[in-house]
Amino acid sequence: MENTQDSFIYYALKLRERHCLAEFVTGLVEAPTNKYIIYSSAQTGKTTELKQLCWELQDSGLYQPIMLEVRNNTKLKRAELPSARFEGGKEIVVVIDALDEVNGQKYDDLIEEINGYAYDHPETKMVLSCRSNYRREKELEQFTDLFLEELSYGDANDHINRELGEGNGLVALINENELTDFVRNPFFLNVLIAAYKENNKQLPKNKAEIKGQSQRIILWSTFEKPNSPIAIGELTH
């Protein structure tokens, strides 16, 4: 789970420093709690960040991530979550994606169940994600708030140059193919870089092709075990 200079993941607590999410979850970086919630707008890579986290944790051999998606568990109860902190000698990390998949009373009930579980299991590590517009002050006080933001065009350009070298031609091709909307999304930027490297400098032509390429990269990472995270992002506290 090494963090490299090529990662754009910033988890800033008081100071803006580069770290990957796994470093906080595993305790390599000091944080106020062992529970986190990632906020961002839609389509900025929250789910991808969580999937990458789960892969890194499982690949370490020390952790057993358990990932749940709210859309499939809208009536989630705390009794359904792990009662033990360890399973098979591995520390459990509970990951719950997209709290914003439910509204109204269902949302309030879900938050109550998650809060109750967190209070009942103070030693259990947890990571949640939610759209920023669903954030309510003092709603999940046991969780450290993190905010996943889009990259600036300057950050994206710097990352491309580090990956491909100066004068690589990718930025011009992105502009030519009208794909600039994707370069500020951390994950899709890496998808474009990977496609450029692997497909003889050819890029996906539209959003559907980019998403298809991203799914192939996620599957590839499961078997190839890259040295650094595929998903990249910028998080501030």
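Up top you'll find the structure we're talking about.
When you look at unusual backbone geometry in this model, what are you seeing that I'm missing?
Backbone phi values are negative for most residues with the exception of glycine, while trans is the configuration of most peptide bonds. For alanine 98, which is not glycine, the phi torsion reads 65 degrees and is therefore positive. Overall, alanine 98 belongs to the buried group, its relative accessible area being 8%. Backbone geometry at glutamate 178 places phi at a positive 55 degrees, although glycine is not the residue there. Secondary-structure assignment places glutamate 178 in the loop between helix 5 (170-176) and helix 6 (186-198).

Sorry if this is basic, but what is going on with the packing of aromatic side chains here?
Within the structure shown, the criterion is met by 2 aromatic pairs. Geometrically, the ring pair formed by phenylalanine 24 and tyrosine 36 is edge-to-face, given 6.0 Å between the ring centres and 75 degrees between the ring planes. Residue phenylalanine 24 is located in helix 1 (residues 21-25), and its partner tyrosine 36 is located in strand 1 (residues 35-40); the two are separated by 12 residues in the primary sequence. We classify phenylalanine 24 as buried; its relative accessible area is 4%. Directly above the aromatic system of tyrosine 39 lies the positively charged group of arginine 135, at a separation of 5.7 Å from the ring centroid. The ring centre of tyrosine 153 lies 5.3 Å from the NZ or CZ of arginine 184, which sits over that ring.

Criteria and thresholds
- Residues numbered from 1 in each chain as written.
- Predicted model: local features only at pLDDT ≥ 70, side-chain atom pairs only at ≥ 80, totals over all residues.
- Heavy atoms only, no water.
- Buried < 20%, exposed > 50% of the residue type's maximum accessible area, 1.4 Å probe, protein only.
- Helix = DSSP H or I, 4+ residues; strand = E, 2+ residues; numbered from the N terminus.
- Phe/Tyr/Trp six-rings, centres within 6.5 Å; stacked < 30°, edge-to-face > 60°.
- Lys NZ or Arg CZ within 6 Å of the ring centre and 35° of its normal.

Remember, this is a structural readout, not a statement about activity or role.
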